[in-house]
Amino acid sequence: MKQTRKTIDFTRKNDFIIPVVWRRKLKIEEGMTVMFNVENHRIVIKPAYHKTLDVMSTVGRKGLIYVPKEIRTYFEQKGFKRFQMDIEEGEKAVIMKPLQEEETVLTHLNK
């Protein structure tokens, strides 16, 4: 079964792995640079094909991506530490939406 949803907790670590199925669909490869944009209280991660002033990170082994401090700090200041990560094929991006505390409890109970 293909993974379509994943929960990330910034209180435990500063990086996460994009599932291989998602990386293939989005053509994200090891060593590639991805850019982070904050749009409507969500994090949008897309491949960066050119240099930009946006916040960026390099894809590591097995799809490991470090979440830059400025992104983590922005959401921590708003009280968000846990995120639901989904693939958005139409936008060709990985989308991270903050979870409210009640959603976090429900997510962990459904695992």
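These figures come from a predicted structure and were not determined experimentally.

Reading the values: the criteria
- Residues numbered from 1 in each chain as written.
- Predicted model: local features only at pLDDT ≥ 70, side-chain atom pairs only at ≥ 80, totals over all residues.
- Heavy atoms only, no water.
- Phe/Tyr/Trp six-rings, centres within 6.5 Å; stacked < 30°, edge-to-face > 60°.
- Buried < 20%, exposed > 50% of the residue type's maximum accessible area, 1.4 Å probe, protein only.
- Pairing = 2+ DSSP bridges.
- Helix = DSSP H or I, 4+ residues; strand = E, 2+ residues; numbered from the N terminus.
- Axes fitted to C-alpha atoms, helices over the stretch in contact; angles between N-to-C directions.
- Contact = heavy atoms within 4.5 Å.
- pLDDT = per-residue confidence, 0-100.
- Salt bridge = Lys/Arg side-chain N within 4 Å of Asp/Glu carboxyl O.

Engineer: Please explain the packing of aromatic side chains as it appears in this structure.
Structural biologist: Given two aromatic rings, one states the distance between the centres and the angle between the planes to describe the pair. Evaluation of the coordinates by the stated rule reveals two aromatic pairs. Between Y74 and F75, the ring centres sit 4.9 Å apart and the planes meet at 85°, which makes this aromatic pair edge-to-face. The exposure class of F75 is buried, given its relative accessible area of 0%. Note on F75 and F83: the rings are 5.1 Å apart at their centroids and 90° apart in plane angle, and the pair reads as edge-to-face. A relative accessible area of 0% places F83 in the buried class. An aromatic cluster is built from Y74, F75 and F83, whose rings are joined through pairwise contacts.

Engineer: Got a minute to help me understand the sheet that holds strand β1 (residues 5-9) in this structure?
Structural biologist: Ordered by their spatial adjacency, six strands build an open sheet running β1-β7-β8-β4-β3-β5, and the pairing between neighbours is antiparallel. Looking at the sheet topology across the chains shown, the edges are occupied by β1 and β5 (55-58). In this sheet, adjacent strand axes meet at a mean angle of 25° when their direction is disregarded. Across the sheet, helix α2 (residues 69-77) is in contact with β3 (33-39), β4 (42-47), β5, β7 (82-88) and β8 (93-98); its angle to β3 comes to roughly 20°.

Engineer: Can you walk me through the environment of L64 in this structure?
Structural biologist: Here L64 is to be found in strand β6 (residues 64-66). Between the C-alpha atoms of L64 and P19, which are 45 residues apart in sequence, the distance is 9.2 Å.

Engineer: Any chance you could explain the confidence of the model for the protein here in plain terms?
Structural biologist: Interpretation of this model should avoid reading the predicted coordinates in detail wherever pLDDT is low. When pLDDT is averaged along the protein, the result is 83; 86% of the residues meet or exceed 70. Contacts of residues 102-111 to residues separated by more than four positions or lying in other chains number seven contacts, the stretch itself having pLDDT below 50.

Engineer: What is the right way to look at the pattern of salt bridges in this model?
Structural biologist: Note that side chains of opposite charge can pair when their charged atoms are close. Applying the stated criterion across every chain, the model contains four salt bridges. Notably, a salt bridge pairs E39 with R42, separated by 3.8 Å at the nearest N-O pair. When its relative accessible area of 31% is taken as the criterion, E39 is described as partly exposed. Here the salt bridges do not stand alone but share partners, grouping E39, R42 and E91 into one network.

Engineer: Would you mind going over unusual backbone geometry with me for this structure?
Structural biologist: In terms of backbone geometry, most residues other than glycine have negative phi values and most peptide bonds are trans. The backbone of K62 sits at a positive phi, close to 60°, despite the residue not being glycine. Residue placement: K62 occurs in the loop between β5 and β6. In this structure K62 comes out as exposed when scored by relative accessible area, which is 61%. Phi is positive for K92, close to 55°, though the residue is something other than glycine.

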